[in-house]
Amino acid sequence: MPRVQRFFAALEGPELDKLRVQYLEQQLVSTWLNALMEQRTSRVVFALRRRRRVGDQSSEELVLPSDKTWPFLLRFPVSAFGMCLGMSSQAILWKNIAIAASTRFLHITLRTNLVLWCVSVALMCFVSALYACKVVFYFEAVRREYYHPIRVNFFFAPWIACLFLAIGVPELVAESLPGWLWYVLMAPIVCLELKIYGQWISGGQRRLSRVANPSNHLSVVGNFVGALLGAIMGLREGPIFFFAVGLAHYIVLFVTLYQRLPTSETLPRDLHPVFFLFVAAPSVACLAWARITGEFGYGSRIAYFIAMFLYASLAVRINMFRGFRFSLAWWAYTFPMTSAAIAAIRYSSEVKNAFTQAMCIALTVVATLTVTALFLTTLLHATVHHDLFPNDISIAITERRPKHTIAELNELHSNKVGGADAACRDLEAAATTAS
């Protein structure tokens, strides 16, 4: 029988319960300190990070001065590819307007598609060149963006934008695309998905219940866009594969985001525009499934109706999308709105009546005006106000351990062990008195 338990056996009455509680509390503290001392350094760093979240700033410091403007490439985020998503999706929209039966009365020519596609290609090349320079000269900043729970999803954006450019390519540029192009564009998406989806499954600090946020839709919607392009190019098995992968993870992500688990990180108010990404996945999914099956059947209509309901539920919450300054995050409005407009055009071609035609025209006008307004506002802030790319604090923070952390833990542990010994002596005295 353990030493202390032998004293417990000699006691009777309420004194026993009181001493037992004190002993268990001391043992719990001692066990926790021992476990903490034996954990790896990464665990200690995580504990320090948690301390910072509740107000202790001693675990982090800024690498660059916050009162000075940093080099441009350090301030150029991967989320800038959101502009490419907005512009390239507009090229697809106006291509569909020109060829769809439900919008043929508008007499829109393919010349609009050609102009928007050329502008999108130029913008894509410009943004890609800038970010490639950032990779070369500031790779550490790129690495930190990759490990950021929100920024990592925007690494899908350049490849999705390339898929959009392939879907919206004008007939004057190419009447058909080579089959190998689809495999080249989908390979990086597969690699990113294997990494991110694996983290969702394996758990840890990057499990989905912890890092889930609306920007995660970018990691899912690429599957549907790839399935759409593959079906357009005449492929069969590949598009079905990516559609299945996208559907499985979209359902999991959708449920997780709806639950708003207490373990999830809170999305900053400045990033509220990314909530519109809820609309993107079902909008593209309905188009992809219609291409795969060859008809706008029940599956496509279910996805379309989900997209329209989510669009309406977000549109009526005006207070959720105001009260913060302009930033590149506002481009998150464009791609989902445009995708919804394209889906509405496809639906109106199947269900022809005044209401469906009015809806597709209204959504097209809203999407086009939004992209135009954001494009002009972006130019204004970039060239006149010079505040489009502020200092990127999220990648300039490094973790450092406070000095004497281990020594303090040792001292605290010694004090607790001394307290436990004193408790044992008190128990011996109490046992002697009781006897």
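Starting afresh in each chain, residues are numbered from 1 along the sequence in its written order. Where totals are concerned, whole chains, interfaces and linings use all residues; where local detail is concerned, this predicted model gives features only for residues with pLDDT of at least 70, and gives and counts side-chain atom pairs only at 80 or more. As a rule here, side-chain values cover all heavy atoms of the structure and leave hydrogens and water aside.

Visitor: Even after reading the chapter, I still don't get the packing of aromatic side chains, so can you show me in this structure?
Guide: Aromatic ring pairs are described here by two measures, namely the spacing of the ring centres and the angle between the planes. Any pair of Phe, Tyr and Trp rings, taking the six-membered ring for Trp, is counted once the centres come within 6.5 Å. Such a pair is stacked with planes under 30 degrees apart, edge-to-face with planes over 60 apart, and tilted for the rest. Scanning the model with the defined rule gives 31 aromatic pairs in all. Between F296 and Y347, the ring centres sit 6.0 Å apart and the planes meet at 55 degrees, which makes this aromatic pair tilted. Here F296 is found in the loop between α13 (277–293) and α14 (298–315), whereas its partner Y347 is found in helix α15 (residues 334–350), with 51 residues between them in sequence. The pair formed by F296 and Y347 is uniform in burial state, with each residue classed as buried. Aromatic rings pair up to connect F276, Y311, F321, F324, F326, W330 and Y333 into one cluster. Here a helix means four or more residues in a row that DSSP labels H or I, a strand means two or more in a row labelled E, and each is numbered from the N terminus. Only protein chains enter the accessibility calculation, which uses a 1.4 Å probe. A residue is then buried if its area is under 20% of the maximum for its type, exposed if over 50%, and partly exposed in between.

Visitor: What is the right way to look at a nonpolar patch on the surface in this model?
Guide: A grouping of V135, V136, F137 and F139 is seen on the molecular surface, where their side chains present a nonpolar patch of about 430 Å² in accessible area. Counting residues per element, the nonpolar patch draws most heavily on helix α6 (residues 111–137), which supplies 3 residues. Note that F139 resides in helix α7 (residues 139–146). A residue counts toward a patch only above 30% relative accessible area and without a salt bridge, and it is joined to like-charged neighbours within 9 Å or, for Val, Leu, Ile, Met, Phe, Trp and Tyr, to nonpolar neighbours within 5 Å. The accessible surface values rely on the Shrake-Rupley method and a 1.4 Å probe; as for residues, cover is taken only from the protein chains in view. Note on definitions: salt bridges are taken to be side-chain nitrogens of Lys or Arg within 4 Å of carboxyl oxygens of Asp or Glu.

Visitor: I keep staring at the pattern of salt bridges and nothing clicks. Help me out?
Guide: Working definition: two side chains of opposite charge can pair if their charged atoms are close together. If you walk through the whole model with that rule in mind, you get 6 salt bridges. Salt-bridge contacts for K134 lead to E145; the nearest nitrogen and oxygen are separated by 3.2 Å. Placement of K134 in helix α6 and of E145 in helix α7 is noted, with a sequence separation of 11 residues between them. For K134, a relative accessible area of 0% puts it in the buried group. Judged by its relative accessible area of 0%, E145 falls in the buried class. Between R151 and E145 there is a salt bridge, with its nearest N and O atoms 2.6 Å apart. Judged by its relative accessible area of 13%, R151 is buried. Among the charged side chains, a salt-bridge network with shared partners connects K134, E145, R151 and D392.

Visitor: Explanation requested: helix α8 (residues 157–167) in the structure shown.
Guide: For α8, the buried fraction is high: 9 of the 11 residues fall into the buried class. Taken as a whole, α8 has its buried residues at A157, P158, I160, A161, L163, F164, L165, A166 and I167. Should any heavy atoms of two residues lie within 4.5 Å, those residues are counted as being in contact. At its buried positions, α8 is contacted by α5 (81–99), α6, α9 (179–202), α11 (217–232) and α15.

Visitor: Honestly, the environment of P239 in this entry has me stumped. Any pointers?
Guide: Inspection of the secondary structure puts P239 in helix α12 (residues 237–259). For P239 and A288, which are 49 residues apart along the polypeptide, the C-alpha to C-alpha distance reads 8.3 Å. With residues near it in sequence (within four places) discarded, P239 still touches W182, A227, G230, A231 and I292.

Visitor: Help me understand the environment of L235, please; the structure alone is not making it clear to me.
Guide: Residue placement: L235 occurs in the loop between α11 and α12. By relative accessible area, L235 is classed as partly exposed at 24%. Once you skip the residues sitting within four places of it in the chain, L235 turns out to touch W182, Y183 and G230.

Visitor: Would you mind showing me how to read α6 here?
Guide: Each full turn of the α-helix corresponds to 3.6 residues, which orients residues three or four apart in the same direction. Given the number of residues in a helix, its expected span is that number minus one, multiplied by 1.5 Å. Taking 1.5 Å of rise per residue, 27 residues should cover 39 Å, and α6 covers 39 Å from first to last C-alpha, within 8% of that figure. Those residues of α6 hidden inside the fold are in contact with α4 (72–75), α5, α7 and α8.

Visitor: I keep staring at the packing of α6 against α8 and nothing clicks. Help me out?
Guide: Geometry of a packed helix pair, given as the angle between the helix axes and the separation of the axes. Lines fitted to the C-alpha atoms define the axes, with helices restricted to the stretch that makes contact. Angles between their N-to-C directions range from 0 to 180 degrees. Between α6 and α8, whose axes approach to 11 Å, the crossing angle comes to 155 degrees. As the angle between them shows, α6 and α8 are arranged roughly antiparallel. With respect to the hand of their crossing, α6 and α8 are arranged in left-handed fashion. Contacts from W117, S120, V121 and M124 of α6 reach α8 at P158, A161, C162 and L165. Three categories are distinguished: nonpolar for Ala, Val, Leu, Ile, Met, Phe, Trp, Tyr, Cys and Pro, charged for Asp, Glu, Lys and Arg, and polar for the others, with Gly belonging to the last. Broken down by class, the residue content of the contact of α6 with α8 amounts to 7 nonpolar, 1 polar and no charged. Here is the rule for angles: anything less than 35 degrees is roughly parallel, anything more than 145 is roughly antiparallel, 65 through 115 is roughly perpendicular, and the remaining ranges are oblique. By definition, any crossing whose near helix is turned counterclockwise from its far helix by less than a right angle is left-handed, and any crossing with a clockwise turn is right-handed.

Visitor: Would you mind going over the confidence of the model for the protein chain with me for this structure?
Guide: Should the pLDDT be low somewhere, the predicted coordinates at that spot are not to be read in detail. Within a predicted model, pLDDT stands for the predictor's per-residue confidence, ranging from 0 to 100. Looking at the protein chain, the pLDDT average stands at 82 and 75% of residues meet or exceed 70. In the model of the protein chain, helix α3 (residues 41–53) stands out as the element of lowest mean pLDDT, 33, in contrast to α8, which has the highest, 97. Overall, residues 35–59 carries pLDDT values under 50, and its contacts beyond four positions in sequence, including any with other chains, amount to 28 contacts. Confidence drops under a pLDDT of 50 for residues 399–406, and excluding neighbours within four residues, the segment shows 16 contacts in the predicted structure.

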